[in-house]
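Residues per chain, in single letters:
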Amino acid sequence: DQNDLRGTVGLGSSQYRPGGRPLHYAAYFENPPIERLPIREVVIASQLDLATIDPRTFQFGAISLGTYLEIPPPGVHHFTREIDLRPAQSLMIRMVADFDSRSGWATWRFFSIDPLTRQPVTDPQTGLLPPNQATPQGAGSVLFTVQPRGDLRSGSTIRSQAVIYQDDRTPIQTKPWSNQIDSAKPVSRIEAVPVVQQETRFNLRWSGGDQDSGIASYTIFVSTNRAPFQPWLREPTST
C-alpha cells in the first residue's frame, strides 16, 4: 500500500528511540494503477501531539511528486512552490506546505493549475497524479522531522498518523506509527574479583539493567598498569 505513513525504526516491537534525538516520518501517496482518471488535488494532513513533541523543532523534509523533487529551506513552517510542467504537459502544480505550531497540524496541499487561467483545472482528464502504471509517475511523498519534548518521561509513547485526501475520493487514514522513548540510562557493573590472582587465567562476570528497552550488549574496558582504559571485548551479548 503506497498510501501510508512510516516513521523512524526503533528497537524491538515498541520501536524504542533515545530521548533528545529527532524522529523522522514519511507519508506516501499514490494514484493506484487500476484507476482510470488522474488526481487533480492531493492533501496530506497529520496532527502531531504537542504533549509529546517540541513544535519548535519541526522541519519539512523532501517533497517528491513523480520524478520531481523539492527540498524546502530549513527552519520554515510555511512553504509554497509552483512547478511548470510545460512543454511536456500543459499543467502547473502548486504545492503549499504548512505547520501550525499552536495546533500541531502539518499539511501539504498539491493543486493542478491551468497555466493559462492560473485557476484549478476542471477537466477530469487532467491532473498532477496519473494512474501509477509506470512508477513513480503516479506517486509522491512528503518527509518531516521533529524532536520529542525535552521533559518527556522515559517510557512515553509518541504516535503519529496521517489522512490523505485525493479529489472527492474517500479519505485514506494511514496506520498509526509509534515510538517509545528510552531516556533512562542503563547501568552495568563487573562483579568483584580477588585483587591477587594465583593464575594468569581467571573468570570475569558482569551484569546490568535498563528499565525500558533493555541491554543489547556490553563493551568491556581494561586498564593495564594503571594506563588509560581501552576496549577489550566489544559488544558481547554474554555476561
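All of these numbers come straight from a predicted model, not from anything done at the bench.

S.K.: An account of the sheet that holds strand 3 (residues 23-30) is requested, with residue identities and associated values reported.
M.R.: Read from one edge to the other, the open sheet built from five strands follows the order 1-3-10-5-6, with strand pairing classed as antiparallel. Of all strands in the sheet, those with a lone pairing partner are strand 1 (4-7) and strand 6 (68-70), marking the two edges. Ignoring strand direction, the axes of neighbouring strands in this sheet form an average angle of 20°. Bridge count for strand 1 against strand 3 is four bridges, and the pairing is antiparallel. Note on strand 3: the bridge partner recorded for Gly 7 is Tyr 25.

S.K.: Hey, could you go over the sheet that holds strand 4 (residues 41-47) for me, with residue numbers and the actual values?
M.R.: With antiparallel pairing, the six strands of this open sheet are ordered in space as 7-8-9-4-12-13. At either end of the open sheet lies a strand with only one pairing partner, and these are strand 7 (78-84) and strand 13 (172-173). Summarising the sheet, strand 8 (residues 92-99) and strand 9 (residues 105-113) pair through eight bridges and their orientation is antiparallel. What sits directly across from Met 92, in strand 9, is Ile 113.

Analysis parameters
Residues numbered from 1 in each chain as written. Predicted model: local features only at pLDDT ≥ 70, side-chain atom pairs only at ≥ 80, totals over all residues. Heavy atoms only, no water. Pairing = 2+ DSSP bridges. Helix = DSSP H or I, 4+ residues; strand = E, 2+ residues; numbered from the N terminus. Axes fitted to C-alpha atoms, helices over the stretch in contact; angles between N-to-C directions.

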